Protein chains: 4
Amino acid sequence: MSNRLEPTSRNYDEKLQGILKISAKIFAEKGFHRTSVRDISRATKMSLAGLYYYFTTKEELLYLIQERCFVTLLQRWERAATPVMDVRTRIRVFAENHLSFFCHNMHEMKVMAHEDESLTEEFQVKILVLKRRYVRVIMDLIRELQDQEGGKKVDLRVATFTLFGMMNWIYTWYQPKRDLPLPQLMEQMLRIYFFGVLHGGAVEASWFNSTSGASSKETFSLWHNNQ
Amino acid sequence: MSNRLEPTSRNYDEKLQGILKISAKIFAEKGFHRTSVRDISRATKMSLAGLYYYFTTKEELLYLIQERCFVTLLQRWERAATPVMDVRTRIRVFAENHLSFFCHNMHEMKVMAHEDESLTEEFQVKILVLKRRYVRVIMDLIRELQDQEGGKKVDLRVATFTLFGMMNWIYTWYQPKRDLPLPQLMEQMLRIYFFGVLHGGAVEASWFNSTSGASSKETFSLWHNNQ
Amino acid sequence: MSNRLEPTSRNYDEKLQGILKISAKIFAEKGFHRTSVRDISRATKMSLAGLYYYFTTKEELLYLIQERCFVTLLQRWERAATPVMDVRTRIRVFAENHLSFFCHNMHEMKVMAHEDESLTEEFQVKILVLKRRYVRVIMDLIRELQDQEGGKKVDLRVATFTLFGMMNWIYTWYQPKRDLPLPQLMEQMLRIYFFGVLHGGAVEASWFNSTSGASSKETFSLWHNNQ
Amino acid sequence: MSNRLEPTSRNYDEKLQGILKISAKIFAEKGFHRTSVRDISRATKMSLAGLYYYFTTKEELLYLIQERCFVTLLQRWERAATPVMDVRTRIRVFAENHLSFFCHNMHEMKVMAHEDESLTEEFQVKILVLKRRYVRVIMDLIRELQDQEGGKKVDLRVATFTLFGMMNWIYTWYQPKRDLPLPQLMEQMLRIYFFGVLHGGAVEASWFNSTSGASSKETFSLWHNNQ
DNA sequence: TATGAATGAGAATTCATTCAT
DNA sequence: CATGAATGAATTCTCATTCAT
């Protein structure tokens, strides 16, 4: 079926990464379906046919972008989380991980959030596996948190997807020039998530900064995905 | 745009509503760009050319769906909110309004949330006006709430769009058969929003039910948009 | 799957027949795969997209041509053959039928003989059913003949496909201006088939002409398929 | 056409033959136009660019296959025929030659029979020369036969191409597992050709076997073209 | 000899839209 | 109001071929 061999030279990989980066940008701006491979050809300054050396289908291109996002997200999470941390901290690290990646790779994340269903079966299934693994991480953490806290609990799925909703919605409104800088955005979002809008403002800032092993600044500096 | 007179016969209106409803469903399922006017022709059992009596452009069709959503949302809000209510209640009513409409018109809302940017300039501008008006409502309420509460405050835009993110993300994960029924979903979401996951579960249920002027049940029964 | 309705107006049918005729000609001249739908668009003076109103796939176009050939061939045979005739005559009538159609619809028949395997599964299966029915007719006749004659027999499949080979190969060499006129071509071919090159020439011509119910001339005048 | 020197190393020749063999197989299976050079690259396990060392054009590849067929066919004929033989025997030897080669190199022969017109002008002309030479051989024999026999004669072209039709059509129906083994197929075909279906079965077998200088077995053992 | 990477030309097909009726 | 028939423009993808190495 697939006409291309599997090349793995350094050169090939670098070029592919470049194509993914640029494509993600265009997909984010125009939407996957509105984007023609010609647009990508134009933006990458490669010939139309030349692009097809790097992927077999426009859909595979979308898949490659999404797959890479999830894989990176999971890798970074595994690297960042230590079993020593308490649950709350781990949740916060998870969210920081997510948000930092999000904000530093806004295009890719918008594509992930928005073009979810643009994949065809085959690819959608593969992505679903990754996504499930990713969602399970935070779900397990929230369950652990709830077990610890006791009392009347919020439904687990609601608790989970509420968090994702808050975070993933960002691409629809966040304007770097107008809105809070990333670290503060993250902090405030977590405040709302943990303590609610009503009390979130009141919680001492220390709670947010002192418990995390890696300071936000450190986390941030590592983020760019494209090299 | 439209050269023809605006027909207003009862028949015409009914038919148009039917087309909008069916189109929204297909747009929600396949995405706006993947949906061809032929798909709509098939689903409505009208001829391709026949459809064009009811709209001039596929994009106008999308616009009509979105416009109708915002208009209804705003109307319902104005009908539901009373100046007597206190801020918290008004916020809750707003959210209930939004969520109820959302869940009862999932297709339309998914289209609204998802196909936001699929509109062309011209139409996008018109929708933006409505959307801004709608957003301002809740933004003003949140500001009022924060003024009342005093203390350190969360950024207004963050507070606003966090709420929308939580709510609008629903279309990506909510499965009626698997998840909580709508009223409870609403309640839990508001708990998280107001009090946070940590304490949200503990707040007495009474808080949620007794203060609202209109009971959820009443609210719900009004919701279906399609007749 | 199929986007088009099934129109059956007189006009539609006539137009489709015209397209089939012209396409058959081009397929015969350039081969199916070398022919682009653009070529057909040019030859029919219809727009590229306009053609697709009449078929869904270039392959379906080929199918329609082939199907029509077999159906006509079978119809004509059923009309021409009478149970009264003796076996030899029936065989001759079958061959006359085949050859007359062949020579009067050379393009279509070349396409049938040559582009056999250019059809995709789905269509190939449908054609196979017709072809089998057609082949069985002559096979049964040959078997009957052999039963009657007694003596050492030639293998049935060899006897059958040898006849088809002789006849269908015509498209590769026959030039109307250079070669015998059709009725004589037919006669000579049948002589060879029945009596061999060695003795075929010697058999009295009467054998060929007096036994057939319909004279060749009559048969020929009916042949054009395209109206 | 070709700018490069003609390499003649043993290695080169062997490799080219391998490529021709494999290509013939694919051409036979998928048809010339449907076959991409990539298909050949895959099947030969050579790189796309590497193949072009052995031919300059996909069409040249087809040409090489066909040319080699005709050349071999002519060589074998010249080796097999002796002026001593009587005409009938010579015709039989010609047919045996053709059929044996055909059946032992089905792929190549199908390509020859089927992809006749797929060549471009230039190449087609070259092949035509060979083909004419080949056809003339049998045509001359048949003329000689007819002169000898006297009586009313069958048209020469009809007599010639009827024979080719019978033989070349084989690729469309012959299934080794289902049909007669090759020597019998040959015998029966020749019976039909010489004596007709009606009497062909009755002719004594001896006629076929005793007069031929080379027994079929011998003929067959020489046939494989690919080394 | 051999190949990885690249490309121009062209292929089939789809789509939103129109227009005469 | 409604529709059958038609179309221009675009889209994804494939292909034979090349060229630097």
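Below you will find a few notes about this structure. (Residues numbered from 1 in each chain as written. Chains lettered and ligands numbered in written order. Predicted model: local features only at pLDDT ≥ 70, side-chain atom pairs only at ≥ 80, totals over all residues. Heavy atoms only, no water.)

Some remarks on the overall build of chain A
Quick note on the threshold: Each helix is a run of H or I in the DSSP string that is no shorter than four residues. Each strand is a run of E no shorter than two, and both are numbered from the N terminus. Each residue gets one of three labels from its accessible area relative to the maximum for its type: buried under 20%, exposed over 50%, partly exposed in between, using a 1.4 Å probe on protein chains only. Residue-level accessible areas treat just the shown protein chains as cover; the underlying method is Shrake-Rupley with a 1.4 Å probe.
Assigned secondary structure in chain A consists of eleven helices and zero strands. Starting at the N terminus and ending at the C terminus, chain A contains elements arranged as α-α-α-α-α-α-α-α-α-α-α. In chain A, which comprises 227 residues, the proportion classed as buried is 55%. A total of about 11,000 Å² of accessible surface is found on chain A, and carbon and sulfur atoms cover 52% of it.

Some words on the relation of the copies chain A and chain B
Between the two copies of this chain, the relationship is a rotation about some axis together with a displacement along it. Defined as follows: The copies were overlaid by least squares, fitting only the C-alpha atoms of residues that reach a pLDDT of 70 or more in each copy.
Each copy superposes on the other: chain A lies on chain B with an RMSD of 0.1 Å after a rotation of 180 degrees and an axial shift of 0.0 Å. What we have between these two chains is a two-fold relation. Closest approach to the rotation axis among the C-alpha atoms of chain A is made by A:G196, whose C-alpha sits 1.9 Å away.

Here we look at the protein's contact with DNA strand F
Spelled out, the test is: Note on definitions. A residue lies near a molecule or strand when any single heavy atom of the residue is within 4 Å of it. The definition of a polar contact used here is a pair of N or O atoms within 3.5 Å, where within protein one atom must be able to donate a hydrogen and the other to accept one, and adjacent residues in sequence count solely through side-chain atom pairs. Only Asp, Glu, Lys and Arg are considered charged, only Ala, Val, Leu, Ile, Met, Phe, Trp, Tyr, Cys and Pro nonpolar, and every remaining residue, Gly among them, polar.
Taken together, 34 residues sit near DNA strand F, with B:A49, C:K15, C:A49, C:Y53 and C:Y54 positioned nearest. Within 4 Å of the protein, atoms of DNA strand F come from sugar and phosphate in 66% of cases. In the model, a phosphate oxygen of DNA strand F is placed 3.3 Å from a nitrogen or oxygen of the A:T35 main chain. Broken down by secondary-structure element, the contributors of at least two residues to the surface near DNA strand F are helix 2 (37-44) and helix 3 (48-51) of chain A, helix 3 (48-51) of chain B, helix 1 (10-30) and helix 3 (48-51) of chain C together with helix 3 (48-51) of chain D. When grouped by side-chain class, the residues that make up the surface near DNA strand F number 17 nonpolar, twelve polar and five charged.

Focus on unusual backbone geometry
All names here are of chain C. Phi at K45 takes a positive value of approximately 60 degrees, unusual for a residue other than glycine. Mapped onto the elements of the fold, K45 is located in the loop between helix 2 (37-44) and helix 3. Owing to a relative accessible area of 79%, K45 belongs among the exposed residues under this scheme.

Here we look at the interface of chain A and chain B
To be explicit about the condition: Contacts are residue-level and defined by heavy atoms, with any inter-residue pair within 4.5 Å sufficient. Two parts placed together each lose some accessible area under a 1.4 Å probe, and adding up what both lose gives the buried area. The term salt bridge refers to a side-chain nitrogen of Lys or Arg lying within 4 Å of a carboxyl oxygen of Asp or Glu.
Every contact between the two is made by 45 residues of chain A and, on the other side, 45 residues of chain B. A combined buried area of about 4,300 Å² lies between chain A and chain B, and 62% of that area is made up of carbon and sulfur atoms. By the criterion of area lost to chain B, the three top residues of chain A are A:R157, A:W169 and A:L198, representing 17% of everything that side buries. Counting across the interface, chain A meets chain B through six salt bridges. Here chain A and chain B share 19 residue pairs in polar contact (both at pLDDT 80 or more) between them. Considering every element that reaches the side of chain A that touches chain B, the biggest residue donor is helix 9 (residues 182-200) of chain A, with twelve residues. Across the side of chain A that touches chain B, the residue classes tally to 20 nonpolar, twelve polar and 13 charged.

Some words on the protein's contact with DNA strand E
Around DNA strand E, the surrounding shell holds 34 residues, and the nearest of these are A:K15, A:A49, A:Y53, A:Y54 and D:A49. Of all atoms in DNA strand E that approach within 4 Å of the protein, 68% are sugar or phosphate atoms. In this structure, a phosphate oxygen belonging to DNA strand E sits 3.3 Å away from a main-chain N or O atom of B:T35. Interatomic distance of 3.1 Å between a side-chain N/O atom of D:K15 and a phosphate oxygen of DNA strand E. Every element with two or more residues in the surface near DNA strand E is listed here: helix 1 (10-30) and helix 3 of chain A, helix 3 of chain B, helix 3 of chain C together with helix 3 of chain D. Across the surface near DNA strand E, the residue classes tally to 17 nonpolar, 13 polar and four charged.

Let's talk about the pattern of salt bridges
Residues and elements named next belong to chain A. Evaluation of the coordinates by the stated rule reveals 52 salt bridges over all chains. For K25, the salt bridge goes to E29, with nearest N and O atoms at 3.6 Å. Of this pair, K25 and E29 are both found in helix 1, four residues apart, which corresponds to roughly one turn of the helix. Residue classification places E29 among the partly exposed positions, given a relative accessible area of 49%. Of the charged contacts in the structure, one is a salt bridge between K30 and D39, with a shortest N-O distance of 3.1 Å. Residue classification places D39 among the buried residues on the basis of a relative accessible area of 13%. Here the residues in one salt-bridge network are K30, D39 and R42, joined through shared partners.

A closer look at the packing of aromatic side chains
The geometry of an aromatic ring pair is captured by the separation of the ring centres together with the interplanar angle, meaning the angle of the planes. Stated precisely, the cut-off is as follows: Between 30 and 60 degrees the pair is tilted, below 30 it is stacked and above 60 it is edge-to-face, where a pair is any two Phe, Tyr or Trp rings, Trp via its six-membered ring, whose centres lie within 6.5 Å.
All chains considered together, the criterion is met by 64 aromatic pairs over all chains. Judged by centre distance (5.0 Å) and plane angle (75 degrees), the rings of B:F27 and B:F32 are edge-to-face. Here B:F27 matches B:F32 in class, with each residue buried. Between the aromatic rings of C:W173 and C:Y174, the centroid separation amounts to 6.0 Å while the plane-to-plane angle is 85 degrees, which identifies the pairing as edge-to-face. C:W173 gets classed as buried once you look at its relative accessible area, which sits at 5%.

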